[in-house]
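Descriptive analysis of the structure
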Amino acid sequence: MRTETEHTIYLKDYAPSPYRITAVDLDFKITSETTRVQALLTVEPREDTAPGTPLVLDGDELSLSSIAIDGAPLMLSAYVADSNSLTITEPPLRRFVLETEVVLRPEGNTSLMGLYRSGGTWCTQCEPEGFRRITYYLDRPDNLAVFKARMTAPLELAPVLLANGNLVDKGEAGDGMHYAVWEDPFPKPAYLFALVAGDLGSITDSFTTASGRRVALAIYCAHGKEEQCLWAMDSLKRSMAWDERRFGREYDLDIFNIVAVSDFNFGAMENKGLNIFNDKLVFAQPETATDGDYEGIERVIAHEYFHNWTGNRITCRDWFQLCLKEGLTVYRDQEFTSDERSRAVKRISDVVTLRAAQFPEDGGPLAHPARPDQYREINNFYTATVYEKGAEIVRMLATLLGEAGFRKGMDLYFERHDGEATTIEAFLAVFAEANDIDLEQFKTWYLQAGTPRLVAEDSYDAASQTYTIKLKQETKPTPGQPTKQPLVLPIKFGLIGPNGSPMGWSGASGAEVRDEMIILDSAEAEVIFTGVANKPVLSLLRGFSAPVNLDTNLTQENRLFLAQHDSDPFNRWQSLQDVGMALALQAIGGKPWDDAAVKSLGGAFADTLASDTLDDAFKALALSLPAESQIARTIGRDVDPSRIHDVRDQLLAAVFGPLAMAMQDAYGRLDDDAPYAPDAASNGRRALRNKLLGLLVASKAPGAEALAAEQYAQARNMTDRLAALAAMAGAWTADAPALLADFRSRFAADPLVLDKWLAVTASVPGDGVIDRIQAVLAEPSFPKANPNRLRSLVATFAMSNPTQFARPDGAGFRFVADFVRDIDLINPQVAARVLTGFRIWPMLESGRREAAKSALSELQSGGTLSRNTADILTRMLAE
Ligand code: ARG
Ligand code: ZN
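About the thresholds
Residues numbered from 1 in each chain as written. Chains lettered and ligands numbered in written order. Predicted model: local features only at pLDDT ≥ 70, side-chain atom pairs only at ≥ 80, totals over all residues. Heavy atoms only, no water. Helix = DSSP H or I, 4+ residues; strand = E, 2+ residues; numbered from the N terminus. Rg over C-alpha atoms; globule rule 2.2 N^0.38 Å. Contact = heavy atoms within 4.5 Å. Areas by Shrake-Rupley, 256 points an atom, 1.4 Å probe, with all protein chains shown as cover. Axes fitted to C-alpha atoms, helices over the stretch in contact; angles between N-to-C directions. Parallel < 35°, antiparallel > 145°, perpendicular 65-115°, else oblique. Left-handed = near helix turned anticlockwise from the far one by under 90°. Nonpolar A, V, L, I, M, F, W, Y, C, P; charged D, E, K, R; others polar. Near = heavy atom within 4 Å. Polar contact = N/O pair within 3.5 Å; in protein donor to acceptor, adjacent residues only side chain to side chain. Expected span 1.5 Å × (residues − 1). Donors = N, O, S within 2.8 Å, 3.2 Å for Na, K, Ca; no water. Tetrahedral: all angles 85-135°; square planar, octahedral: opposite > 155°, others 65-115°. Buried < 20%, exposed > 50% of the residue type's maximum accessible area, 1.4 Å probe, protein only. Phe/Tyr/Trp six-rings, centres within 6.5 Å; stacked < 30°, edge-to-face > 60°. Lys NZ or Arg CZ within 6 Å of the ring centre and 35° of its normal. Pairing = 2+ DSSP bridges. Salt bridge = Lys/Arg side-chain N within 4 Å of Asp/Glu carboxyl O.

A short note on the overall build of the protein
Along the backbone of the protein there are 26 helices and 33 strands. By the compact-globule yardstick of 29 Å for 879 residues, the protein fits well, its C-alpha radius of gyration being 28 Å. The contacts in the protein between residues at least 6 apart in sequence include a share of 71% that link residues at least 24 apart. Accessible area of the protein: about 33,600 Å², with a carbon and sulfur share of 51%.

Now the structure itself:
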């Protein structure tokens, strides 16, 4: 395999640059074909920079058209320029202004990094290394500079001209051109630079900060979509208020702009004062957006807004520290959603996501620490580990320190590091200092890859009234890390008495026990509780207080007891999952389940459904068997996805079949004719109703298909319509193809709804799906360069259709590998992301494993790949 450049970057090699750029003055001349970028960079040598030290600037596919220092053009011998760098051989050893000019062709930029065009709009994406595609620069996050951007563009094509900070000038420029000048007073790394030029509509609003400053808010979008931005605006204002309440953080500019674009490599980007969003995370109206979309918009609007303090005001020293801003900001957005909606439901859904996305990463060939110490392509490290595990680590810190202690640390962080580019060490140090504790061992969470297994075994001695929990933690080797250290695990717990009420104890020894939490920091411990009056049932790892795989000696009876009596909603939910998992594993292992056990689980589900204390959203989550991917991961080796699928289907029918009447009743009662509202309670009601419909269809309850068909036809919002469609498609009922066709034509004009159709189409777990996907891809009008469309169709297939992706004949693997090869030429980031779907391959049974390996090997031997894709592939195939 040949790749662009094969070089590895190591954290240990970090060194500050010998020069700093302190001010950037950019001039963009935008025409429909090209954009001319003139950059004036104020450069200063560091104090200790030796005379004759070259200044090396980054570039990516650039070509230099002119260069000068302090106004004097440079001789050819004074510099070396190629597409990837610009070296000034002997720069002056004093402050000087470097002036360069390059010409870009945004129209042909399909990688969507740097300056590109989306639906006619010029826009940028610079994180992590896109700015070097705009001009030669010290493109590293520890170089903070003040930016000024002047744009001149055709008024007709781009009446709206935006960049970071404040608008300081604008006017006519003759010949149908106009200009605008934006200045951002806050020094920032280049990855936070942004500009937008286009013909856009907008909605405006304002927010008054706690200290009384009025901030002008605007969301820009394609004309005609303005109404669909109202929910995003509402979410923005709530986010701004929340960050003041919860973290004492006010917004700092007088203007905050958001722009929605259709072609975007990921969710959104926190550019200073000018967030750019994938439009799927902005647009919402009941007919086309689901409850999940509404919640996702709220969450990501909040996330990007919160970055203003955790990311922008305080940024990362280098990209190894990515989780410094991402893990922390995900933690903050999780807390926001918990406060705005239901904390219990949010925690359960986050753990479901963590297990579905991060645990498989941590347990497979792409495992890496939350703070990696090496990379070849940083774009491949915007992962669930950096984001979601990063958030879990911050959450554990908050659990260990308590709310007040955590806040003290955060306050000190903002106070001490505002305006800096810093590190995980500095982050941990403020918590250690503010709380006078040692976090040295805790830091291992950032450095060590892999999901720990926590094994707990309890016993009770009635004579001495002592209760003992034996705990053991172990982390398996991961690529590059053969041996592992014990981690600090905050294990929230409770002891539950026979009547369901909490039990106390008089003393505890063997580990630190406080605040209803055991703190395990060794590989093994025996925690002994004295004064325990009866044998308790143990509720361990409440709230999923540490991201581990937990094994206990709880019996199925204990679990069903917890499902009913635990005061911790997470463990109530988890207990039902565990009972289902045990039954599924037993059946997959070849032992038929016993009817009594199935009946008990069904009974527990029936009780859950009938409860008048649990809320609907919780019930919707609780009435589930573990996902196929979750079962596969628990089995861990020689996995046969088809067998898992079939057995889970049978179990589902056995457990939920007898509940059909109760479910249908509840389904009927949950109907209402109120107009759609996105609030948590209405959302929960729809979630439960649609969960019931899904279960009725999947368990083949009599009349269920008719119910689904009716719901599909009558639905007044996308949540209900899509749920009915997905239920039918998932079971591939006789009506499914017709419903799919109807859905597609009904919403033919809306690309974001097309994505839903593509995802449902790609998820159907039966033969024929690959042909159908290929047919869609081959349609001449299919937008082959749009990441949303490609991900909805092909990433969904690779990530969420295990029976077809991992077909024993290898056709699924070959299809995805071929797709990756094609798309890699257009957009390497999309290609690399889709390729990560293969990460399950080492745990498959041998036939499928070989088939996957040969598809991967073929991709490897098939010619030049981008660095993004080559990096994933190399790690995927390393033994
Ligand atoms: N910082 C952006 C966000 O979380 C995402 C940037 C993603 N970049 C990437 N190369 N994948 O909020
Ligand atoms: Zn982020």
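Right, picking up where we left off after that structure.
Re the packing of helix H17 (residues 718-730) against helix H19 (residues 751-763)
Packing of H17 against H19 leaves a shortest axis separation of 10 Å and a crossing angle of 20°. Here H17 is positioned roughly parallel relative to H19, judged by the angle of their axes. Of the two possible hands of crossing, H17 and H19 adopt the one that is right-handed. Contacts from Met-718, Leu-722, Leu-725, Ala-726 and Ala-729 of H17 reach H19 at Val-753, Lys-756 and Val-760. Residue classes in the contact of H17 with H19 are distributed as 7 nonpolar, no polar and 1 charged.

Looking at the site of ligand 1
Around ligand 1, a shell composed of 15 residues is seen, among which Glu-127, Glu-270, Glu-304, Asn-379 and Tyr-387 lie nearest. A distance of 3.2 Å is found between an oxygen atom of ligand 1 and a side-chain nitrogen or oxygen belonging to His-303. Residue Asn-379 places a side-chain N or O atom 2.6 Å away from a nitrogen atom belonging to ligand 1. Expressed as a share of its isolated accessible area of 340 Å², the protein-covered part of ligand 1 is 95%. Breaking the shell around ligand 1 down by element, the ones donating at least two residues are strand E20 (268-269), helix H2 (291-306) and helix H3 (322-340).

Thoughts on the packing of helix H9 (residues 569-588) against helix H13 (residues 641-656)
Running from N to C, H9 and H13 cross one another at 125°; their axes reach a closest spacing of 10 Å. The angle between H9 and H13 places the two elements in the oblique class. H13 is crossed by H9, and the crossing has right-handed handedness. Residues Gly-580, Leu-583, Ala-584, Ala-587 and Ile-588 of H9 pack against Arg-643, Ile-644, Val-647 and Leu-651 of H13.

Observations concerning helix H1 (residues 230-247)
Given a rise of 1.5 Å per residue, 18 residues ought to cover 26 Å, and the 25 Å separating the end C-alpha atoms of H1 matches this to within 8%. Where H1 terminates, the next one or two residues include Gly-248, which has phi positive at roughly 65°.

Concerning the coordination of the zinc ion (ligand 2)
Ideal coordination angles are 109.5 degrees for a metal with four donors arranged tetrahedrally and 90 or 180 degrees for a metal with six donors arranged octahedrally. His-303 (NE2), His-307 (NE2), Glu-326 (OE) and Glu-326 (OE) make up the full set of protein donors to the zinc ion (ligand 2), lying at 1.9 to 2.8 Å. Around the zinc ion (ligand 2) sit 6 donor atoms; with metal-centred angles ranging over 34 to 161°, the donor geometry is irregular. For the zinc ion (ligand 2), all donor residues lie on one chain, and their spacing in sequence is H-x3-H-x18-E. The same class applies to His-303 and to His-307, which are both buried.

Some thoughts on the packing of aromatic side chains
For the structure shown, the criterion picks out 41 aromatic pairs. Geometrically, the ring pair formed by Phe-797 and Phe-805 is edge-to-face, given 6.2 Å between the ring centres and 85° between the ring planes. With respect to burial, Phe-797 and Phe-805 carry one shared label: buried. By way of ring pairs, the aromatic residues Trp-242, Phe-247, Tyr-251, Phe-256, Tyr-305, Phe-306 and Phe-336 are connected into one cluster. Above the ring of Phe-247, the side-chain terminus of Arg-332 is found at 4.9 Å from the ring centroid.

As for the pairing of strand E25 (residues 453-461)
Looking along a regular strand, one sees side chains alternate from face to face of the sheet. Here 4 bridges tie E25 to strand E33 (residues 549-552), and the two strands are oriented parallel to one another. Across the sheet, residue Val-455 finds its bridge partner in E33, namely Asp-551. Note that E25 and strand E26 (residues 466-474) share 9 bridges and pair antiparallel. By the bridge assignment, Asp-458 is partnered in E26 with Ile-469. Hairpin connection from E25 to E26: 4 residues lie between these consecutive antiparallel strands, with Gln-465 at a positive phi of about 55°.

Brief notes about the sheet that holds strand E10 (residues 114-118)
With antiparallel pairing, 4 strands are arranged side by side in an open sheet as E10-E11-E16-E13. Pairing within the sheet leaves two strands with one partner each, and these edge strands are E10 and strand E13 (160-163). For this sheet, the mean angle separating the axes of adjacent strands, direction not counted, is 20°. Where E13 meets strand E16 (residues 195-198), 4 bridges bridge the pair, whose relative direction is antiparallel.

A few points about the pattern of salt bridges
All chains considered together, the criterion is met by 64 salt bridges. The residue Lys-12 makes a salt bridge to Asp-13 at a minimum N-O spacing of 3.7 Å. The residues Lys-12 and Asp-13 share a single accessibility class, namely exposed. In this structure, Glu-101 engages Arg-36 in a salt bridge whose closest nitrogen and oxygen atoms are separated by 2.7 Å. Highlighted residues: Glu-101 in strand E9 (residues 96-104) and Arg-36 in strand E3 (residues 35-45), separated in sequence by 65 residues. Its relative accessible area of 38% is what places Arg-36 among the partly exposed residues. Within the structure, one salt-bridge network assembled from shared partners comprises Asp-234, Arg-238, Arg-245, Glu-295, Glu-298, Glu-340 and Arg-341.

Topic: the pairing of strand E30 (residues 517-520)
Where burial is concerned, the two faces of E30 agree: the one with Met-517 and Ile-519 and the one with Ile-518 and Leu-520 are both buried. Judged from the 4 bridges that link them, strand E27 (residues 489-496) and E30 form a sheet pairing that is antiparallel. Counterpart to Leu-489 in the pairing with E30 is Leu-520. As judged from the 3 bridges shared by strand E29 (residues 512-514) and E30, these two strands associate in the antiparallel manner. Note on E30: the bridge partner recorded for Val-513 is Ile-518.

Details of the environment of Ala-260
In this structure, Ala-260 sits in strand E19 (residues 255-261). In this structure Ala-260 comes out as buried when scored by relative accessible area, which is 7%. Look past the residues within four positions of Ala-260 in its chain and what remains in contact with it is Tyr-220, Cys-221, Phe-277, Asp-279, Val-282 and Phe-283.

Notes on the sheet that holds E29
Strand order in the open sheet formed by 4 strands is E29-E30-E27-E32, and the pairing between neighbours is antiparallel. Looking at which strands have only one partner, the edges of the open sheet turn out to be E29 and strand E32 (537-540). Shown here is a sheet whose adjacent strand axes are inclined to one another by a mean of 30°, direction ignored. For E27 and E32, the ladder comprises 4 bridges, and the chain directions are antiparallel. Looking at the pairing, Phe-493 lines up with Leu-540 of E32. The strands touched by helix H5 (residues 384-417) within the sheet are E27, E29 and E30, with E27 carrying the most contacts at an inclination of about 60°. Seen against the sheet, helix H8 (residues 556-565) touches E27 and E32 and runs at an angle of roughly 65° to E32.

Here's the deal with the side chain of Thr-803
When you line up the elements, Thr-803 lands in helix H22 (residues 802-805). Residue Thr-803 is classed as buried on the basis of its relative accessible area, which comes to 7%. Those residues in contact with Thr-803 that sit more than four places away from it in its chain are Glu-628, Pro-641, Ser-642, His-645 and Pro-765.

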